[in-house]
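Residue-level listing of the chains:
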Amino acid sequence: MDPLIRLVDVKKCYSSGPTCEIFPLAGVSLDMFQGDRVILLGKSGSGKSTFLNIVGGVDSPTEGRVFFDGREITRMSSQDMAYFRRKEVGFIFQSFNLFPTLTVGENVTLPLDLLGIRDYSRAHELLNETGLNGYWKKFPEALSGGEQQRVAIARALVKGPRLILADEPTGNLDQETGNGILNLIDKICRESDATLIMVTHSPDALWMAPRRYRLKSGVLLEEHYTN
Amino acid sequence: MTIRTLLQFNFKYYRRHTLLALLCLTGISLGVGIVVAVELINDSALSSFESSVDFLSGRATNSIISTFGRIDEKHFQEIWTNRRVTAASPIVDVIANTLETDSEPIRFLGVDPFLDAPFRGWTPQLSGKDDLAAFFAGDPPGAFLSSDLMKRFNLKVGESLTALDAGLEKKIRILGPLTEDSSGGLGENIAVMDISSAQEVFGRIGRLDRIDLLVEGSVSDAFPALPPGLKITDANSRKSTLTAMLYSFQLNLAAMSLIALFVGVFLIYNFSMFSVLSRRQDMSLLLTLGCDSRSLVLAFMIESVVLGALGSLAGVIFGYSIAAYSVGKVSSTISQLYFLVNNLNVGLSLRILGIGVAVGFVATAVGVTLPALEVAVTPPVLGLKRQSIEDRTKSARAYLFMGGAAFFIFSCLSVWASRNSIFWGFASAFGMTTAFALFTPGLLSPFTHYLGVVFKKSHRLLDAFLAARNIGASLSRTSIAVAALAVALSMTIGVDTMIFSFRTSVYSWLEDALKGDLYISPDTTKWDHPLPETLIKKVEADPRLDSIERYLALDVYLQGRPVKLRVIEPEILEKKARFKFVGGEESHKAWSQIIKGGVFISEPLAFKFNLKVGDFLTLDSPDGPKNFPVVAITRDYSSDQGTIQMDRSVYISIWKDDRVQSIALFLKPGASIEDVRKSVAALFKGLERTIVSNHEMRERVLSIFDKTFAPTATLKGVSLLVALLGIATAMMAILLERSKEIRVLGYLGLTPTEIGKMNVYQGLIMGVASFLIAAMCGLLLTYIIVYAINYRSFGWTIDISVNKWIFVETLGLTMAACFVSSLYPSFKLMRASSAASIKEE
Ligand SMILES: Nc1ncnc2c1ncn2[C@@H]1O[C@H](COP(=O)(O)OP(=O)(O)OP(=O)(O)O)[C@@H](O)[C@H]1O
Ligand SMILES: [Mg+2]
């Protein structure tokens, strides 16, 4: 079986001039199969978000190649990259990033609209599952942080993406609420056999994945823990 | 924290947002520019007219004019020999076009050089014997021209000038320039001829237009009694009567400039408020860091002074250029409609400069200081959250709506009050516009919401759905821009519908009043060029004609104010034309009474002089004042000063004046109009220029009508432009404030094109919203303009007719313009969103 995600010697540098000044990724390679889970650790500024952006087709690496299901996303046009994200990737952010202008229902159904899916039953199902079924017509500002994050998760997962990228999903929440969120992500990923890459600082989240990597000086170091 | 730090802070902000700074300045300068341009044009028309009156009066203390247009030569002797008169000069004063100076008419002055010498510096020095002979008895007659005119049209001594008198060609020999010292800088096209040649060339034998006088002491002592029908004036009273004629023209411009100013102030406010509000976060941070709110507000006030100064300066320059550009058109309109003005000079006066700068400053100061104050008094914690502004807008919406309702009621009451003063008419228009501007947030919010619901339901226009929601979410920005555009558009719709209704009314009046198959009607009717008697005799003799109607229009004075007297032939018109009598006059009765010495008066005249059917009006005649009963009030749009119509035979019997300025030809059934036209045109040289068909005659009147409203179009365009800049800034504002949300859209898989399209939809939706609001407001404005402004100032009834094409055109134009103004922000957005990574807070 081919890996779902393959990174080959991916490098990223930010520069204002001709020379590379910041090197968040200095040659990263990684294979992940359908249903795999990975936790990404690292200090602030080590390049974790950069890594997620590149895998998710939001950002392009300076060098190296990224494959998804055999297709090379590093060769896609920005248009095709958008289509790729639309169909295959669900992002979950630390600060939720719901649209304050849209209702909860509209936030969650937006990815379906983008794909031209008119059947909203999956959106209703997910909101039920997250315990937010009465919130369909409310605006995000009326929700607590934990509730907003649950809506954001429903929005990320409603289209059934094969890849889920979560950037410190519990970073803005207290421990108890955070644990609830982690359980929710775990449950939904399991149901749909999605592949997950999650960035976290929280030791409470380590149980989510057996494989853990630490980004340090631009390279991925696998860490082995025994619980 | 010192003011200097804060100012540096603000300066850096503008340096980083150069485009914004430019938009802001453009908004201010356009607003100021419109006002300055209108003032400049008004000023230059008036001052050029006044200097021309002064110039023509020369050293004369007084002039004698006729209350019905002509002075019999025989009166001169009596006036000249008056002991108190030190000098008197008889003048023939005719304006005519010439073939050589096509678009510029020339004022031909017929003088007696010896009698006129004490009055003017420019009387030509007659040098040689040849000159003298040519001047007094030349064939063709000779004339001296203002040197500037000769230079501009490259006219040479000895060449001939072809003056068009009633359209007929009259040759005049150029004898030379008027002496330089005096005619230089006078800015008027003048030709000086011998008085008797002028009388002969221009068909005024035995008659004078004016007698200039040098009188010692009081005039009323000198002339205890003048011959009947004559009137003594001086330069000042002449200025003021004629300036009063410009009233309607200036009213038109003033109304436009007021509305443009309104839009302008709105936008300046919009721009500066945006520039402050987009720094809201920074300001709140500064407050949190311990900056006191007094210095914060002060820093912003200083900023507004700088912006206001720069913007006003640019605005004055801009206004000056518009004025300089359009002054030619304006002067030809004024010449055509009111009196001759040549070579208008646009001169910037301190007053105008003051007005322009004040407008720029006040609007900028209000626009910057108000929001800065608001931020300063808001606790910094709340200020940090962008959403709190929108929350506040939400609650403000209800208050604004109630304010709008108050203005609406005020506007309706003002319509009622306008019967007392026209001021209330303007107040009403202003109130209505303000009302709708205040309604805007309240209307925009549900509109975008339901529009969003519709787009969402359609499952297709996802970008349009997001766009609608974005507008609804940024109401504090978008509603100002939409309101400004709506104000500009409703002005467009209101004024256009008024002009269209007016034009339709004029057209149907023309259709009823002008029934001749052909007209011999020189353009120059207003310059009083009578048609030669031989011409009329020859035309009348044509066997294909059923009848002709002779027509004469002259300026007479009614209670000291100039009005038009139209001398008509009722026997013919009753059969051929359809007059619209106001107030349901029985038409056969009116026609039979005018023959017996009654007069018809036009609506404006009835309105101005408060006359009703059955009243009497008094006109001066050679036999002293005469009373005429008003037998009917007619619809007549030919003059805003008002017209009196009188039977030709009644006129001739009293005034002993059988001039004819134009004739209408009614053909027998079956006669070919083209054939008659050709054979009549062959009778006299130049007649082909003045013989026109019924259709051409109507077109000619309508083209004058259109010219009157031409400045309106320019101003309308500028204020529309100002408003569209507002839309562009509002979109930039959304872009700046919602950039993070837009990036999240990228994460969800919106392509750059889709994001760009979403932004374009935002512009279009704002355009549609503005248009819908403007359509309602514009129609109401039409009624206000027609009933509370137009009727109150001129007294004529206009039937309101709504033209759907005005709406279609306005909508099309708005959409196109909104599309264009959304292109740049969309382009920026697309570029930004193709590298769509997001920063976490
Ligand atoms: N657009 C950019 N231009 C220049 N440098 C950038 C840009 N985006 C990120 N960087 C730099 O790249 C490095 C990695 O950033 P990244 O956001 O990936 O870190 P991170 O590991 O996610 O940090 P954190 O845990 O704080 O979120 C940082 O040093 C950052 O300053
Ligand atoms: Mg990060």
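All right, on to the overall build of chain A then. A count of helices and strands for chain A gives six helices and ten strands. Over its C-alpha atoms chain A spans a radius of gyration of 18 Å, differing by no more than 12% from the 17 Å that the globule rule assigns to 227 residues. Expressed along its principal axes, the backbone C-alpha trace of chain A runs to roughly 50 × 40 × 40 Å. Residues classed as buried in chain A amount to 55% of the 227 residues present. Restricting the contact set of chain A to residue pairs at least 6 apart, pairs at least 24 apart contribute 71%. Looking at chain A as shown, the accessible area adds up to about 9,800 Å², and 48% of this sits on carbon and sulfur atoms. Of the side chains in chain A, 26 bear a positive and 28 a negative charge, and the two mean positions are spaced by 2 Å.

Further remarks concern the sheet that holds strand E5 (residues 71-72) of chain A. As a general point, the strands of a sheet are linked pairwise by backbone hydrogen bonds and lie either parallel or antiparallel. Residues and elements named next belong to chain A. If you walk across this open sheet you meet the four strands as E2-E1-E4-E5, and the pairing is antiparallel. The two strands at the open ends of the sheet, each matched to only one other strand, are strand E2 (22-32) and E5. Alignment of strand E1 (residues 5-14) against strand E4 (residues 63-68), held across five bridges, turns out to be antiparallel. Bridge pairing in E4 links valine 8 to arginine 65.

This paragraph deals with the nonpolar core. Counting 91 residues, the largest nonpolar core has Leu7(A) and Phe51(A) as the members making the most contacts within it. In terms of residue count, helix H29 (residues 752-794) of chain B provides more of this core than any other element does, 16 residues in total. With near-sequence residues (within four places) excluded, Phe51(A) lies in contact with Leu7(A), Leu25(A), Val28(A), Leu30(A), Leu40(A), Ile197(A), Leu215(A) and Leu220(A). Counting residues in each nonpolar core, the second largest holds 37 residues, with Ile92(A), Val108(A), Cys189(A) and Leu206(A) among its members.

Residue and element names in this part refer to chain A. Not every one of the 14 residues close to ligand 1 is listed here, only the nearest: Ser44, Gly45, Lys48, Ser49 and Thr50. With respect to ligand 1, the side chain of tyrosine 14 contributes an N or O atom lying 3.4 Å from a nitrogen atom. Out of a free accessible area of 630 Å², ligand 1 has 64% covered by protein chains. Within the residue set of the shell around ligand 1, elements represented by two or more residues are E2 and helix H1 (48-55). Counting residues per element, the shell around ligand 1 draws most heavily on H1, at three residues.

Of the residues lining the interface, 28 residues belong to chain A; the matching set on chain B comes to 32 residues. Summed over both partners, the interface of chain A with chain B buries about 2,800 Å², with 57% contributed by carbon and sulfur atoms. Together, Phe99(A), Thr101(A) and Arg118(A) form the three largest contributors to the area buried by chain A at its contact with chain B, with a combined 18%. At the boundary of chain A with chain B, the tally comes to three salt bridges. Taken together, the links from chain A to chain B amount to nine residue pairs in polar contact (both at pLDDT 80 or more). Broken down by secondary-structure element, the contributors of at least two residues to the side of chain A that touches chain B are helix H2 (78-88) and helix H3 (104-115) of chain A.

Moving on to the pairing of strand E8 (residues 190-194) of chain B. Residue and element names in this part refer to chain B. With five of five residues buried, E8 is to be regarded as a mostly interior element. Looking at chain direction, strand E4 (residues 106-111) and E8 are connected through five bridges and run parallel. Note that in E8 the partner of arginine 107 across the bridge is isoleucine 190.

A word on the state of the cysteines. Residue and element names in this part refer to chain B. Inspection of every chain in the model, using the stated rule, returns zero disulfides over all chains. Left unpaired, cysteine 777 is separated from the closest cysteine sulfur, that of cysteine 412, by 12 Å. Judged by its relative accessible area of 1%, cysteine 777 falls in the buried class. The thiol sulfur of cysteine 818 is not disulfide-bonded, and the nearest other cysteine sulfur, from cysteine 777, lies at 17 Å.

Attention now moves to the environment of Arg107(B). All names here are of chain B. Topologically, arginine 107 is positioned in strand E4. Judged by its relative accessible area of 10%, arginine 107 is buried. Along the primary structure arginine 107 and isoleucine 95 are separated by twelve residues, whereas in three dimensions their C-alpha atoms are 4.3 Å apart. If sequence neighbours within four positions are ignored, arginine 107 has contacts with Leu56, Asp93, Val94, Ile95, Glu188, Asn189, Ile190, Ala191 and Leu340. Looking at arginine 107, its side chain comes within polar contact range of the side chain of aspartate 93, at 2.9 Å.

Let's shift gears to the confidence of the model for chain A. Detail in the predicted coordinates should be disregarded across regions flagged by low pLDDT. Averaged over every residue, the pLDDT of chain A is 87; residues scoring 70 or more account for 99%. Ranking the helices and strands of chain A by mean pLDDT puts strand E8 (residues 195-199) of chain A first, with 93, and strand E10 (residues 219-223) of chain A last, with 86.

Residues and elements named next belong to chain B. Of all six residues in E4, six are buried, a share of seventy percent or more. Residues Ile106, Phe108 and Gly110 point to one face of E4 and Arg107, Leu109 and Val111 to the other, with burial holding for every one of them. Pairing geometry for strand E3 (residues 85-98) and E4, over six bridges, is antiparallel. When the bridges of E4 are listed, valine 94 appears paired with phenylalanine 108.

Once that is clear, we can look at the pattern of salt bridges. In the structure shown here, the tally under the stated rule is 44 salt bridges over all chains. Between Glu106(A) and Arg469(B) there is a salt bridge whose closest N-O contact spans 2.3 Å. Taken together, the positions of Glu106(A) in helix H3 and Arg469(B) in helix H18 (residues 462-473) put the pair across two chains. Its relative accessible area of 5% is what places Arg469(B) among the buried residues. The salt bridge involving Arg204(B) is made with Asp209(B); its shortest N-O contact spans 2.8 Å. The burial state of Arg204(B) is the same as that of Asp209(B); both residues are buried.

Residue and element names in this part refer to chain B. One can describe the packing of H18 onto H29 by two numbers: an axis separation of 8 Å at closest approach and a directional angle of 55°. As summarised for this structure, H18 and H29 are arranged oblique, according to the angle between their axes. Where H18 crosses over H29, the handedness of that crossing is right-handed. For the pair formed by H18 and H29, the contact residues are Asp463, Ala464, Leu466, Ala467, Ala468, Asn470 and Ile471 on the first element and Glu754, Lys757, Met758, Tyr761, Gln762, Ile765 and Met766 on the second.

All names here are of chain B. Those residues of helix H24 (residues 648-655) not exposed but buried are Arg648, Val650, Tyr651, Ile654 and Trp655. Along the axis of H24, the buried residues cluster in a sector spanning 160°; they form a single face. Lysine 656 lies just past H24 and shows a positive phi near 50°.

To continue, consider the sheet that holds strand E6 (residues 89-92) of chain A. Residues and elements named next belong to chain A. Taken in spatial order, the six strands make up an open sheet running E6-E7-E8-E3-E9-E10, and their pairing is mixed. Taken across any chain shown, the strands that pair with only one partner, and hence form the sheet edges, are E6 and E10. Direction aside, the axes of adjacent strands within the sheet are offset by 20° on average. The pairing of strand E7 (residues 163-167) with E8 spans five bridges and is parallel. Within the sheet, the bridge partner assigned to leucine 163 lies in E8 and is threonine 195. Each of E6 and E7 is contacted by H2, which is oriented at about 75° to E6, the strand it contacts most.

Rules behind the numbers
- Residues numbered from 1 in each chain as written.
- Chains lettered and ligands numbered in written order.
- Predicted model: local features only at pLDDT ≥ 70, side-chain atom pairs only at ≥ 80, totals over all residues.
- Heavy atoms only, no water.
- Helix = DSSP H or I, 4+ residues; strand = E, 2+ residues; numbered from the N terminus.
- Rg over C-alpha atoms; globule rule 2.2 N^0.38 Å.
- Buried < 20%, exposed > 50% of the residue type's maximum accessible area, 1.4 Å probe, protein only.
- Contact = heavy atoms within 4.5 Å.
- Areas by Shrake-Rupley, 256 points an atom, 1.4 Å probe, with all protein chains shown as cover.
- Lys, Arg positive; Asp, Glu negative; His and termini not counted.
- Charge placed at Lys NZ, Arg CZ, Asp CG, Glu CD.
- Pairing = 2+ DSSP bridges.
- Core = buried A, V, L, I, M, F, W, Y, C linked by side-chain atoms within 4.5 Å.
- Near = heavy atom within 4 Å.
- Polar contact = N/O pair within 3.5 Å; in protein donor to acceptor, adjacent residues only side chain to side chain.
- Buried area = accessible area lost by both parts, 1.4 Å probe.
- Salt bridge = Lys/Arg side-chain N within 4 Å of Asp/Glu carboxyl O.
- Disulfide = S-S within 2.5 Å.
- pLDDT = per-residue confidence, 0-100.
- Axes fitted to C-alpha atoms, helices over the stretch in contact; angles between N-to-C directions.
- Parallel < 35°, antiparallel > 145°, perpendicular 65-115°, else oblique.
- Left-handed = near helix turned anticlockwise from the far one by under 90°.
- Arc of directions from axis to C-beta.

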